Amino acid sequence: MAEADQHILEGLNERQIEAVSTLEGPVLVVAGAGSGKTRVLTRRIAYLLEQGVNPSEILAITFTNKAAREMVERVHHLVGVEAAKALWISTFHSACSRILRVHPELGRLRSGFTIYDADDARRLVERSIRALELDTKRFPTRAVMAKISSAKADLITPREMALDAHGAYDRLVATVYEAYEAALIANNAVDFDNLVNSVVTGLREHAGVREYYQRRFRYLLVDEYQDTNRAQNELIGLLAEPENNIFVVGDSDQSIYGFRGADLGNIIGFANRLPTTRTIALEQNYRSTNAILELANTLITRNAVRHDKTLWSELGQGVSPLYFKAQDDRQEAEFVVSQALTVLSDGYSLRDVAVIYRTNAQSRVLEEELSKAGVPYRVVGGVRFYDRREIRDMLAYLRILVNPDDDVALSRVINTPHRGIGAGTQEQLASAARTRNVSMLHALELFSTEELGLSSRAAKALTHFVEMIDYLRELIHEEAPAPVVLDEVMTRTEYLEMINEEDPLTAEGRLENLAELRRVAAEADSLEAFLEQTALFSAIDAELDDSSMTLMTVHMAKGLEFPIVFVVGLEEGIFPHMRSLTTPAEIEEERRLLYVAVTRAKQRLLLSSARRRSFQGNVIYNPESRFIGDLPEGVYRRQESLDYQPMPEHESTKKRANEPAPYRVGDRVFHTRYGEGEVRAIRERSVDREVVVYFDAAGERVFFGSMTKLKLV
């Protein structure tokens, strides 16, 4: 072996060397968690260059710009900057953008075209909706955008979407899709989804251009192949023909982005599509101890759709993972805090500790206990619970009810949801209130809109707002419990409808946050005590420095590692999530999520659940997660808390628990905003229920059962 080759292969294990040095034909590298896949990718590029391959003949695709930059830096370190100058190492979108700049005809574009970001695309979709004279409340821009984006990821055209439509709403969305595509072409613009979509469609139709890039890119490398969607997979397939020198790296066990359109079938079916594929499994793990890997291996083998592999490590056996079964979520959070503080005496710092959960709403109790103990923390990829927009909005409404002089709170919500009370009207109102030395709300109550110098157009909206606030303040005078007041605020303001309409991708998480806030309200003695408690927690100043503990969801944890990892909330309905209990495929993705979570741990892994939990506003008694039940006790230690004390339920929630659902799946219902629709699902949540309705003219909407305005038709 040449000395240069030895340098490239130095430090690699046997399987990694095989992957790096297999140059011809399709290669599938099944890269287990922590198995050094980035090292393999960069060493392979360097090895190709050392074998005399022209840098311009290599195309390496990653999913993020950060990963692309890291790969470039590593290759430069191995072979030098000059040798790698002509390499294409980029994301799917960047690579397609470069191709379209040279061949704009692939996307029916002209030279100098514009790439629209998400905000530009949103504005154009909204314009298309209005041009078709559709109601933007029934066809919220973000929801329509999500459907269009999903269609593009699957290479579905507007015509195909219309033919496959399930009802009038879906057919009209297809019409918007068609109008939006026409507007993009008219504007000589392309959105992010179209970057890949246009190149795929264009390469299919332009044989000369396709053959040019097939000759140019003789060697293709793709990272995180399990995360590719149909369009991305099709692009790689087109470019790789006819030699198929395609090298893909991924792990079916870490495919957790199905909700974004990732198609697990791409990596599972790779060898079937290309029968000469050489499959190489990287099983040596360089991150975790064997005790952690034994638990991970045992967990994931329950999945049927996967590539078989068993991770192992030379880092020693290590400490056996601990599973703690708490009485409730408060005790679970106390366990996390006490264990995290304990490890400090073992030489660790708080930056070595991560707490991973399934949904953002679970962070609230953890944040409160960490704050009480004075432990600094940071929420990765998210906002602290009491800083989240929907939480601050609800608290602002409640503050106005208790303190009508709170102009800051009023300014936050007077036009949320949108009521047609714009910034100009608000400034006029604030100025008039200052002149009269009263608060903004009192100004509206004491003076007519004409006396305040406000326009007649704003008068109706302001009058309606004041009437709504007056009604809600009556609840305060009647000393209604805090959760009852909160429910009424969400109902009267139509805030839940706004969340459903704004962004369907974030709606579920935001609804969960509001339901969690309701749970906090149910624990408080009064509305005033509730507001005081939330203000104190949100004001606690935890310095976010290198000694901060990390809190995050599983999806945010992907690709990261920590010496000590807690995975909390291992109960049925939470992990696995209640919305993923329908099909075996959904359960397998939930199991992959847990697999990703536990393989973030390097030295210590601590799992936990609670016998009862306040979750999404309810006291629930979920059984232990099936994923814990799948594990033999030999792969973990078990610890349980025996001091059982019932968690108090608020009377207002007890009553709802015993009320039967007024409708069943399949019933036709009417909503004042959305019209008629069909109940598609009712999910019981102990003291409330979630109702999923597909409206004829507005598509799918999700409601809390106790706060819906649905009537049987």
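Residues numbered from 1 in each chain as written. Predicted model: local features only at pLDDT ≥ 70, side-chain atom pairs only at ≥ 80, totals over all residues. Heavy atoms only, no water.

Enquirer: I'd like a rundown of the overall build of the protein chain, residues and numbers included.
Expert: Summing up its helical and strand segments, the protein chain has 30 helices and 23 strands in all. For the protein chain, the C-alpha radius of gyration of 28 Å lies close to 27 Å, the compact-globule estimate for 713 residues. Principal-axis analysis of the C-alpha atoms places the extent of the protein chain at approximately 90 × 65 × 50 Å. For the protein chain, buried positions account for 58% of its 713 residues. For the protein chain, contacts bridging at least 24 residues in sequence account for 76% of all contacts bridging at least 6. In the form shown here, the protein chain has an accessible surface area of approximately 30,100 Å², with 48% of it arising from carbon and sulfur atoms. Here the protein chain holds 86 positive side-chain charges and 106 negative ones, and the gap between their average locations is 3 Å. (Helix = DSSP H or I, 4+ residues; strand = E, 2+ residues; numbered from the N terminus. Rg over C-alpha atoms; globule rule 2.2 N^0.38 Å. Buried < 20%, exposed > 50% of the residue type's maximum accessible area, 1.4 Å probe, protein only. Contact = heavy atoms within 4.5 Å. Areas by Shrake-Rupley, 256 points an atom, 1.4 Å probe, with all protein chains shown as cover. Lys, Arg positive; Asp, Glu negative; His and termini not counted. Charge placed at Lys NZ, Arg CZ, Asp CG, Glu CD.)

Enquirer: Go over the environment of Phe 324 with me, naming the residues and quoting the values.
Expert: Its place among the elements puts Phe 324 in strand β11 (residues 322-328). For Phe 324, a relative accessible area of 6% translates into the label buried. Taking the C-alpha atoms as reference, Phe 324 lies 46 Å from Ser 21; in sequence the two are 303 residues apart. Setting aside chain neighbours within four positions, we find Phe 324 in contact with Gln 331, Phe 335, Leu 607, Ser 608, Ser 609, Gln 639, Glu 640 and Ser 641.

Enquirer: Lay out the nonpolar core in plain terms, naming residues and giving numbers.
Expert: A general trend in soluble globular proteins is that nonpolar side chains are found buried together. If you look at the biggest cluster of nonpolar residues, it comprises 58 residues, and the most contacted ones within it are Met 394, Leu 398, Val 485, Leu 517 and Phe 530. Those residues in contact with Met 394, other than ones at most four positions away along the chain, are Leu 486, Val 489, Met 490, Thr 493, Tyr 495, Leu 514 and Leu 517. Counting residues in hydrophobic clusters, the runner-up holds 39 residues, among them Leu 106, Ala 240, Ile 267 and Leu 274. (Core = buried A, V, L, I, M, F, W, Y, C linked by side-chain atoms within 4.5 Å.)

Enquirer: Quick rundown of helix α28 (residues 584-598)? Include the residues and the values.
Expert: The end-to-end C-alpha distance of α28, which contains 15 residues, comes to 21 Å, matching closely the 21 Å that a straight helix rising 1.5 Å per residue would cover. Taking burial as the measure, the 15 residues of α28 include 12 buried ones, the bulk of the element. Regarding α28, the residues found buried are Ile 587, Glu 588, Glu 589, Glu 590, Arg 591, Arg 592, Leu 593, Leu 594, Tyr 595, Val 596, Ala 597 and Val 598. (Expected span 1.5 Å × (residues − 1).)

Enquirer: I'd like a description of the sheet that holds strand β2 (residues 58-62), backed by residues and values.
Expert: As summarised here, the arrangement of the 6 strands in space is β3-β2-β6-β7-β1-β8, forming an open sheet in which the pairing is parallel. On the outer flanks of this sheet lie β3 (88-91) and β8 (278-282), each paired with one strand and no other. The sheet shows a mean angle of 15° between the axes of neighbouring strands, direction not considered. Bridge analysis of strand β1 (residues 27-31) against strand β7 (residues 246-250) gives 4 bridges, and the strand direction is parallel. From the neighbouring strand, Leu 28 faces β7, where its bridge partner is Val 248. Here helix α2 (residues 14-21) sits on the sheet and contacts β1, β7 and β8; the angle it forms with β8, its principal contact strand, is near 145°. (Pairing = 2+ DSSP bridges. Axes fitted to C-alpha atoms, helices over the stretch in contact; angles between N-to-C directions.)

Enquirer: Describe unusual backbone geometry, and please don't skip the residues or the numbers.
Expert: That bond from Thr 416 to Pro 417 is cis: its omega, -5°, falls within 30 degrees of zero. Tracing the sequence through the fold places Pro 417 in the loop between α19 (407-413) and α20 (423-436). Cis geometry marks the peptide bond from Phe 575 to Pro 576, where omega comes out at 15°. Of note, the phi angle at Glu 133 is positive, near 60°, even though the residue is not glycine. The phi dihedral of Asn 437 falls on the positive side, at around 60°, and the residue is not glycine.

Enquirer: Talk me through the UniProt feature "binding site: ATP" (unreviewed entry) in the protein chain; I want residue IDs and the actual numbers.
Expert: Under the UniProt annotation, "binding site: ATP" (unreviewed entry) lies at Ala 31, Gly 32, Ala 33, Gly 34, Ser 35, Gly 36, Lys 37 and Thr 38. Mapped onto the elements of the fold, Gly 36 is located in the loop between β1 and α3 (37-50). Examined against the element boundaries, Thr 38 turns out to sit in helix α3. Residues in contact with Thr 38, not counting those within four places in the same chain, are Glu 70 and Arg 74. (UniProt positions renumbered as here; feature names shortened; annotations may be inferred.)

Enquirer: Please provide a residue-by-residue account of the pattern of salt bridges, values included.
Expert: A side chain with one charge can pair with a side chain of the opposite charge if their charged atoms come near. Enumeration over the complete set of coordinates arrives at 51 salt bridges. With a shortest N-O distance of 3.4 Å, Glu 676 and Arg 668 are connected by a salt bridge. Residues participating in the shared-partner salt-bridge network are Asp 329, Arg 330, Arg 364, Glu 368, Glu 369, Lys 372, Glu 516 and Arg 519. (Salt bridge = Lys/Arg side-chain N within 4 Å of Asp/Glu carboxyl O.)

Enquirer: Describe the side chain of Arg 330, naming the residues involved and giving the relevant values.
Expert: Along the polypeptide, Arg 330 turns up in helix α16 (residues 329-344). For Arg 330, the residues in contact, after removing those within four places along its chain, are Arg 364, Val 365, Glu 368, Glu 369, Lys 372, Arg 519 and Glu 523.

Enquirer: Hey, could you go over the environment of Gly 424 for me, with residue numbers and the actual values?
Expert: Turning to its location among the elements, Gly 424 is positioned in helix α20. Take Gly 424: its relative accessible area is 47%, and that puts it in the partly exposed class. Distance in space between the C-alpha atoms of Gly 424 and Leu 454 is 9.7 Å, their sequence separation being 30 residues.

Enquirer: Account for helix α12 (residues 230-240), naming residues and giving values.
Expert: Judged by how many residues are buried, α12 sits mostly within the fold: 8 of 11 residues are covered. Every buried residue of α12 is listed here: Ala 231, Gln 232, Asn 233, Leu 235, Ile 236, Leu 238, Leu 239 and Ala 240. Measuring from the backbone nitrogen of Ala 231 back to the side-chain oxygen at the start of α12 gives 3.1 Å, which picks out Asn 229 as the cap. (Polar contact = N/O pair within 3.5 Å; in protein donor to acceptor, adjacent residues only side chain to side chain.)

Enquirer: Break down the pairing of strand β15 (residues 562-567) for me, with residues and values.
Expert: Regular strands have side chains that alternate between both faces of the sheet. Across the 6 residues that make up β15, a large majority, 6, are buried. Here 4 bridges tie strand β12 (residues 353-357) to β15, and the two strands are oriented parallel to one another. Its bridge partner lying in β15, Ile 356 is registered against Val 567.

Enquirer: Before we move on, can you summarise the packing of α16 against helix α17 (residues 363-372) with the specific residues and values?
Expert: Two elements in contact, α16 and α17, have axes whose closest approach is 9 Å; the angle formed by their N-to-C orientations is 50°. Classified by the angle between their axes, α16 and α17 sit oblique to one another. For the element pair α16 and α17, the recorded crossing hand is right-handed. Between α16, through Asp 329, Arg 330, Ala 333, Glu 334, Val 336 and Val 337, and α17, the contact on the second element is made entirely by Arg 364, Val 365, Leu 366, Glu 368, Glu 369, Leu 370 and Lys 372. Looking at the contact of α16 with α17 residue by residue, the classes come out as 6 nonpolar, no polar and 7 charged. (Parallel < 35°, antiparallel > 145°, perpendicular 65-115°, else oblique. Left-handed = near helix turned anticlockwise from the far one by under 90°. Nonpolar A, V, L, I, M, F, W, Y, C, P; charged D, E, K, R; others polar.)

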